[in-house]
Every structure is written in C-alpha cells, then in structure tokens.
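# Fold and contact review
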Amino acid sequence: MKSVTVWVDGNTSVEVIEPKDSRAVHLTVDGKLIRTTPGKSLLEAVWNRPGIGNIPALCYHPIVQSYGACRLCTVEVEEQGRTRFVASCLYPAKEGLVVRTDTDRVRQLRKGVLELLLARCPEVKVIQDLAIEYGIEKPRFALGVQDCILCGLCVRTCRENIGRSAISLVNRGIFREVAAPFYAYELGDGCVGCGDCVYVCPTGALKLGPDGKPVLPKVHIPRPAAEGLLR
Amino acid sequence: MSIEQVDRLVDVAALERLRQSIIEKRNPFQLRLRICNGTGCLASGADEVTAAFEAELTRRGLSAEINLVKSGCHGFCEKGPLVVVEPQETFYQRVKPEHVPAIVAATLDGKIVEELLYVDPATGERILHEQEVPFYRGQTRLVFGSNGTIDPTQIEDYIAIGGYSALAKALTQMSTAEIIDEVKRSGLRGRGGGGFPTGVKWESCRRADGDIKYVVCNADEGDPGAYMDRSLLEGTPHAVLEGMIIGAHAIGAHEGYIYVRNEYPLAVSNARRAIEQAMAYGLLGKDILGSGFDFKVSINRGGGAFVCGESSALMASLEGQVGEPRAKYVHTVEKGLWDRPTCLNNVETWANVPLIINRGADWYNQIGTEKSKGTKIFSLVGKVNNTGLVEVPMGIPLRDIIFDIGGGILDGKKFKAVQTGGPSGGFIPESLLHLPVDFDRLTEAGSMMGSGAMIVMDEGTCMVNMAKFFIDFLEEESCGKCVPCREGIDRMGEVLERITTGKGRMEDLELLEALADTLRLGSLCALGSTAANPVLTSLRYFRDEYIAHVVDKKCPAGECQALIQYSIISEKCTGCMVCVRECPSHAVTGKRREPAVIDLAVCSKCGVCYDVCRFDAVKRA
Ligand SMILES: Cc1cc2nc3c(=O)[nH]c(=O)nc-3n(C[C@H](O)[C@H](O)[C@H](O)COP(=O)(O)O)c2cc1C
Ligand code: SF4
Ligand code: FES
C-alpha cells in the first residue's frame, strides 16, 4: 500500500496510508499536497489550515451555502494542462487538482475587485485592510458612501438557518439592496429578532436596532449619471 | 381542420398517408396570397390588410379561387406589410388596405400592380419577384425558408412541406447513438451565443446519471435589435418542436420546456397552438408515432430580464426562483433544472436539427467554414439601406452581408463599424470587413457571433459614445450579484462619462483596460465576462477617437454634446436671421444682412441653428 505525505496546516505534515476503499481527494495547494473529503469546495478544503493558501473571502461563511458573489476567493486551477480562474468557495475539490492561490495574476485580479469595493465602501475596515494588503492607495473612482457590499450573507442565513425570509435582495445591478418585504427598510413580523444577520455581516453594515431587529443599510447612489437610470 | 377531429398517427406510414392526402388536395396552380403576419408586418398594419383581403374575396365571391395564407415573418419587415402572389411569386411591399381591390383584380387577370413593386435603389428598376430583390438574393434560407411560405397555425402546412419526416426517420431508422453522431458530425454549434458543439452537449446529457432529464428551448432573446428567434418561433414553430422531440429522444428526456420572452405574445400563442396540434396527431405525448417514446412540452413565460437568457439564470427562473446566474462548475447537462441533467439549446439551434437528420451530416457540413457549419440568421439593423432578418451560410464575408444584402450604408454615408453579437459584442472596423462569419474568427477580432444581432454604424457615429451606450445597457441589465460586473460596469460608465464630457485623462484608457480584465476574469457569468467587448474593441480599433476626446477635447463625429461647439462662418452667413429667431436659448444675435454671432456662454448646444441654416454657415466642431 502506498503512503503519501500530506500537509495538515502550513507547518505540519503527516504520512497517510490510504485504505483501499478510501474516498479521500488529494490536491496540491501552492505546492503542498492536502487531503480532503469529496464534496468540499477548494476554499472549504483549506478553511481551517492556517499557512496553506492565501484566500480572502467576504461572501463565504461556513454556516451557509457558498454564493460566489465577491469573487475575492478567486484562485488559479490547473486541470488537464489548462489553467483557469475559479471562485474557490464554489469550485469542487477534485483528485489531482493543482491550485495556486497567490500568483501575480490572482493578486492582480483581487486588487481590481478590491479597488471596486473600496470605491463603493471607503469607510469599511475589512476592505481598507485588504486594500492595503493588495497595494491599493486610493481608488481611481468617485468614492461612494456605502457599507454594504451585497454579499447576501444576512439574507442567506435568514433563509437557510432561521427558516425565515425576513429580508431579501431586491433590484438589479447597482440598485440592488437588502430590503424587507414590500421594499421596506423596517422589518415586520417576519423577523424573529435572532440577530444572526448582524452576526454574519462581514462589513458591519447591519446593526442591531433598539427593538432587537436589524437596521438595514440604506443604499445611496452617489453619481448623478447613475441616478438618471433610476425609474 | 379543427384540432379535435384529427386521427392520431399510429405510425410512420400513417404520417406519410396524411402527407400525401394533404398534398393531393392542394393544387399547385392555385392562386395564393401570402400575407406576412409576423410581428413586424403586423406593426405596420398587416392585420388590416389581411382583413381587407378577406372582405374583398368574400365580396367578390372568390374565396375558392384565391387562398389567403397568413404566414410568419418574411424577414424584410422594414418594407412591410408584405404580400406575395403565388404561383407567380409576385412581390408587393408596403401594402395598404386601399391597395387590396387592385391586387385582387390584377391577380385574377394575371396582371401586376406596378406601384407596389420593390424598387432597387441602386438601379431604380422595379423588381417583380421576391427572389430577385437584392435583400433576398444573397441569402441562403435553409432554416428560415418556410417561415414566409406556410401558415404557422396549420400543422398540415408544415406536414405538406415534409414536416416531421425527420422525426419519423430518427424514431424508426436511427438509434439514439446514431442521431447524436449525426448531429456531432454535422458540426452544428449553438446559435444562442456560446457556439458550443450541439452534438457534444447532447452526448454529455445522454451520459449523465439520472432517470429524469429535460430539454429546454431558449427563446428569451434579450439582445436589443435581435428578433430571429421570435420570428422562427412565430413562423415555423413546428420545426423547433420537431428538433426538440428528436433531441429529447436522443438524450432520453421525456419533458421539455420552451422558455419564451414575456414580450413575445404571438410567439407564445403560435407555439402553444403548435403543441396542441402535434399532441392531437400523436407527434407529441405518449407513444409518438407508435415508437413507444413519450415526450411532452410546456411553455414558460420569461422573467423579463436580459440575464434570464443565461443558462443557469434561465433554469432558476424556470424553477420559480429569482432569475440569477449561479456558478456552473458542475455543468447543467449534469445538474440543471431541479438538479437533473438538462440540455438547453437556442431556438435556431433546435430548428436546424430536422434539416440535419433529413439531409444528413455530410450534406450539412459542406456548408460553412472548417469549424462553423451551416447557416446563421442575423438581424441586420442600424445604418444600412435594407434592414431585416438575413440567413447566410457561415463563412460569408461581413462585407457581403452589409453591402450586398444590406444594400450599403444609408444616405450614401461611409461605413464605420459593425457590432456583431449583441450588446456585449465588439465593434469591427472597415479594415476587417473581409472577416468571414465564423465563431472563432469573430472572437479573435474581439467580438463574437452571439445570438446574431448585427448593428451597422456610419461615419456619424462616435465610437466612444457607442461604447458608453452599450455599457449603460449592460449596467442596467447586470443582475448585481457579483462585484466585478455590478461595480465594474458601473465604473466603466463613470470613466466613459468622464471622457465623453471632456474631463478624461490619458490614464483613463489604461483604467478602462484594467476594468475590462477584472470583468473578464472575475465575473460569475458571461454577461460580466463579455461586457467589456464594446469598450475593448473601440479602444483597439478607434483609439484615436478616445485620444481626440481626452487630449483635444473634441468629438470627431460631433455626437458628444459636451464637446461640441457651434460657431458662425461669417463668410457664408447671409444674415437671414433664421437662426437668431429659432435659437431657443437666445444665444444667437445679429442684424439683417450681417453675420450672426453665437454667445457660447449662453449656447445650450441643442444644434437648432445648425439644422435650420440653409447656407451651411453654422459650424459644428
Ligand atoms: C447574459 C446572457 C444572456 C443570454 N441570452 C440568451 C438568449 O436570449 N437566448 C439564447 O438562446 N441564449 C442566450 N444566452 C446563452 C445561453 O446561456 C446558452 O448558452 C444557450 O441558450 C445554449 O444554447 P445553444 O448551445 O443552442 O446556443 C445568454 C447568455 C448570457 C450570458
Ligand atoms: S456577471 Fe453580472 S449578471 Fe452575471 S452573475 Fe455577476 S452580476 Fe449577475
Ligand atoms: S467568497 Fe467566494 S466569491 Fe466571495
């Protein structure tokens, strides 16, 4: 029987002898072989392994299904000689896959996305920190006044974990926002006041109000040109 | 014939007997008037014309002598309402109800109503027959051919021209593997935009695990200016259905959906009627033509957004969820509708299938280029003389479509660019007009085949402004789920706004390219990843126009309001005072017989002075 050396985290490796009926999936992340169970995404496969991979992720949270909206978790995968960019929170871990999480091209792409996020939400700490890490000084766009990045975590946890849909994402494009039914900013009886949405919000855009229910972020469209599109 | 009365066709022989009996009842010398009842001609009054013909024939007691056929779209909608007299094939255009008695009288006497004939603008000659009109002459109508000749609400019309014989052949003479192999060897690629090999898609879906599988027809057609899918579904719904039944049989699906754009009521009603008729004849439903194969089709109205045409968004919408794309790392042929193997093809793709099965892959793959086979229907619009639906063999140069079929540029102006592939297609310049219609060649040039909208632009078009127009469209249509698309397209709009109002900087050109990269590589679906094409191709082929806007603060085409300045050429001005009177902002002053003067501080740049001057004395720059 063959033994393989797999990395548990960035510093620790172990020898594993694969049983014959093993379902394990092996993949190489930034040069280190790791072992995971089938059905996991690439991001999930490295989630609790400090030192393996460098993947920022804003719309991912282990308690809800992956959504693939922020695109910060994009990595390069090599499969059958072809390299491509994929969102690691959704891409399934497959046997033999070669994953690179921190190449120049990947960093360049994340920098582009972060510049867009920072321009939208210049005051949000997590985004500021990531922007510094990726070498952005100042976005080259007019600055917005938003805190919400529309990752949908609040909406998803309310539906998936609480079994309510007290809030949802409404409208298309830049007019998208989080709203209560009937396009209200105040939450009605659908909300049980669990506060889960506030807990998962990565930017602090959602805050708990005095009634124990979240206060929804108001979306402002700063550019007059964009306002012209509002119907 | 009413639907309820027909006998189910128990086998292929019964279908052939039915076909013979329909054909025998028809007289090839019968006088027939084919009146286009497509949406385009209806909009220009085809229903009144049809009613007038009905009334005139009744009044003169001629209903038996002359048959009326309310056909689907003929493609030359611009000249509608269109009427063709058979068997002579006399072609009348822009027909109005008051012309009807003359047409009927002339038809009976074997004469012609001269003034309703089409006049070739190039030669000034009147043209008698449909086939001789340059717009039709250059086309190869294989898929769209019967659209204008049969009544789409009569399944018997379709059967008479050989309809459902491909289905009969597929069910009785071919194994499912042979059907798939035939489609693979034909080289057919998806007509909905991606150009994915259809046979390969069918094969993956056939192989995918699962007892329940679906086939879906994408008739969402959200591209501005494109309407070939609507016209096909309205005019030849049975060809689309026949293709779907063959595909379902090959894949092993027993249920199908047609997802139709909400704004297409006639397509919905014609497709619905086609399904009912096919059901009545046993061409749909249980035990089709006695083969033991069951298949049913339902129609769903679209979610009303451009992005709903994207495969994963379409399936979400069919499931009753919000029509938003999701990542397709597991392909929809494996996990599509309700997580079951699903084969989605475009209307035109499905309509190609009966042709391939009937005439064979070896015949089909003779047409076209090495990797793009068959024909493609385009909707030719913009600044060309002849607009409409155009079916051409793959490989034909763009120039032939625009100049031969399209009759060249309107008002004798110069060609500037053509956009292929819909709102996220690229602009192709004059130097590349020799490019053949071919999936891969168009992609290499920075554009794409897309679903087939072709928008022609003339020298008066500002390419920066045009890029901004499409970016604005896509900005509104982005679903807003992923950051690169939602924020990136918006910011492209911001930068383009800066440039077209004279506030641009040279760094903005690189910024646009960087944004394009983020969109292309980072977006979740193809709406975002292709959105930058108009910007990238305008930067690639028309960079000097960007530089003119940024450095010289000039719009060479004179379209960008903020960069235009009006002035009076004093040598030409006769002092007629028309502009002084007409200027709504009172910015022009002057005395009789003395050159007028424009006060730029007051001028609102509306261009009225430019339009009213009869002496070309107003300069726009
Ligand atoms: C934003 C977007 C809109 C689309 N709209 C359409 C459409 O209206 N009709 C269509 O057939 N395909 C459309 N597509 C392509 C479909 O996703 C899919 O590729 C196609 O229906 C597959 O059929 P085919 O292989 O026969 O082309 C669209 C794709 C995108 C990304
Ligand atoms: S690319 Fe655009 S349309 Fe597609 S998922 Fe992202 S936001 Fe929605
Ligand atoms: S975490 Fe994967 S896209 Fe946001």
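For clarity, every value in this text was computed on a predicted model and none was experimentally measured. (Residues numbered from 1 in each chain as written. Chains lettered and ligands numbered in written order. Predicted model: local features only at pLDDT ≥ 70, side-chain atom pairs only at ≥ 80, totals over all residues. Heavy atoms only, no water.)

Below, the discussion takes up the domain arrangement of chain B. Interface extent is often summarised as the accessible area lost during association of the parts. Segmenting chain B into domains produces domain 1 (29-86 + 89-136), domain 2 (162-364), domain 3 (375-458), domain 4 (463-552) and domain 5 (565-620). Domain 1 of chain B and domain 4 of chain B are separated by 46 Å when their C-alpha centres are compared. (Domains from an automatic or database assignment.)

This part takes up the sheet that holds strand β4 (residues 90-92) of chain B. Residue and element names in this part refer to chain B. The strand order across the open sheet built from four strands is β2-β1-β3-β4, with neighbouring strands paired in mixed fashion. Each edge of the open sheet carries a strand with a single partner, namely β2 (66-71) and β4. On average, each strand axis in the sheet is tilted by 20 degrees relative to the strand beside it, whichever way the strands run. Relative to strand β3 (residues 83-86), strand β1 (residues 31-36) runs antiparallel, the two being bridged by four bridges. The residue of β3 that forms the bridge with L33 is V85. Contacts between helix α3 (residues 46-59) and the sheet are confined to β1, β2 and β3, with β2 contributing the most and set at about 165 degrees to the helix. Helix α4 (residues 100-109) rests against β1, β2, β3 and β4 of the sheet, and its axis sits at about 150 degrees to β1. (Pairing = 2+ DSSP bridges. Helix = DSSP H or I, 4+ residues; strand = E, 2+ residues; numbered from the N terminus. Axes fitted to C-alpha atoms, helices over the stretch in contact; angles between N-to-C directions. Contact = heavy atoms within 4.5 Å.)

So, about the domain arrangement of chain A. All names here are of chain A. The domain architecture assigned to chain A consists of domain 1 (2-102) and domain 2 (153-230). Between domain 1 and domain 2, the C-alpha centre-to-centre distance is 32 Å. Across the contact, nine residues belong to domain 1 and eleven residues belong to domain 2. Our count for the domain 1 to domain 2 interface comes out at zero salt bridges. (Salt bridge = Lys/Arg side-chain N within 4 Å of Asp/Glu carboxyl O.)

Okay, the pattern of salt bridges next. All names here are of chain B. Tallied over the full model, the rule gives 45 salt bridges over all chains. With a closest N to O distance of 3.5 Å, E203 and R207 form a salt bridge. Linking E203 with R207, this pair stays in helix α9 (residues 198-207), spanning four residues, or about one helical turn. Taking relative accessible area as the criterion, E203 reaches 22% and is therefore assigned partly exposed. Here E444 and R441 are joined by a salt bridge, their closest N and O atoms 3.9 Å apart. One end of the pair, E444, and the other, R441, are both in helix α17 (residues 439-444), three residues apart, so they sit about a helical turn from each other. Accessibility expressed as a relative area gives 33% for R441, which makes it partly exposed. Three or more residues are tied together by salt bridges with common partners; here these are R32, R34, E86, E89 and E130. (Buried < 20%, exposed > 50% of the residue type's maximum accessible area, 1.4 Å probe, protein only.)

The subject of this paragraph is unusual backbone geometry. In this structure, P81 of chain B follows G80 of chain B across a cis peptide bond, with omega equal to -10 degrees. Mapped onto the elements of the fold, P81 of chain B is located in the loop between β2 and β3. Along the chain, E86 of chain B connects to P87 of chain B via a cis peptide bond; the corresponding omega equals 5 degrees. Positive phi, close to 65 degrees, is recorded for R71 of chain A, a residue that is not glycine. The topology assignment puts R71 of chain A in the loop between α1 (42-46) and β5 (74-79).

Looking now at a nonpolar patch on the surface. Together, M506, I547 and V551 of chain B make up an exposed nonpolar region whose accessible area comes to about 230 Å². Mapped onto the fold, V551 of chain B is located in the loop between α23 (543-550) and β16 (566-568). (Patch = residues over 30% accessible without salt bridge, like charges linked within 9 Å, V, L, I, M, F, W, Y side chains within 5 Å. Areas by Shrake-Rupley, 256 points an atom, 1.4 Å probe, with all protein chains shown as cover.)

What follows deals with helix α3 (residues 125-133) of chain A. Residue and element names in this part refer to chain A. Residues I127, L130 and A131 constitute the buried set of α3. The buried residues of α3 occupy an angular sector of 105 degrees when the element is viewed end-on, so they sit on one face. Summarising the geometry of α3, the exposed residues directed more than 90 degrees from the buried face are K125 and I132. Buried positions along α3 lie against α2 (104-120). (Arc of directions from axis to C-beta.)

Per the counting criterion, the structure on display carries 19 aromatic pairs over all chains. The interplanar angle of 70 degrees and the centroid separation of 4.9 Å between the aromatic rings of Y91 of chain A and Y329 of chain B together place this pair among those described as edge-to-face. Remark: Y329 of chain B occurs in the loop between α13 (311-318) and β10 (342-346) and Y91 of chain A occurs in the loop between β6 (82-87) and β7 (98-100); the pair is interchain, linking two chains. By relative accessible area, Y91 of chain A is classed as buried at 0%. The class for Y329 of chain B is buried, based on a relative accessible area of 17%. Following the ring pairs from residue to residue traces out a cluster consisting of F76, F91, Y118, F135 and Y136 of chain B. The aromatic ring of Y134 of chain A is capped on one face by R107 of chain A, whose charged end is 4.4 Å from the ring centroid. A cation over a ring is seen here: R230 of chain B above Y264 of chain B, with NZ or CZ 5.8 Å from the ring centre. (Phe/Tyr/Trp six-rings, centres within 6.5 Å; stacked < 30°, edge-to-face > 60°. Lys NZ or Arg CZ within 6 Å of the ring centre and 35° of its normal.)

Time to look at the interface of chain A and chain B. Contact residues are listed per partner, giving 34 residues for chain A and 32 residues for chain B. If you look at where chain A meets chain B, you find three salt bridges. Two residues, R120 of chain A and E487 of chain B, come together in a salt bridge whose shortest N-O distance is 2.9 Å. Taken together, the elements giving at least two residues each to the side of chain A that touches chain B come down to β6, α2 and α6 (224-227) of chain A. For the side of chain A that touches chain B, the element with the highest residue contribution is α2 of chain A, accounting for seven residues. Class assignment of the residues belonging to the side of chain A that touches chain B gives a composition of 22 nonpolar, five polar and seven charged. (Nonpolar A, V, L, I, M, F, W, Y, C, P; charged D, E, K, R; others polar.)

Residue and element names in this part refer to chain B. In this structure, F427, M492, L512, V535 and Y546 are the most contacted members of the largest nonpolar core, which totals 84 residues. Sequence-distant contacts of Y546, defined by excluding residues within four places in its chain, comprise V464, A467, L496, I499, L509, L512, V535, S538 and L539. Core analysis: the next-biggest nonpolar cluster, separate from the first, contains 78 residues, V215, A219, F295 and I356 among them. (Core = buried A, V, L, I, M, F, W, Y, C linked by side-chain atoms within 4.5 Å.)

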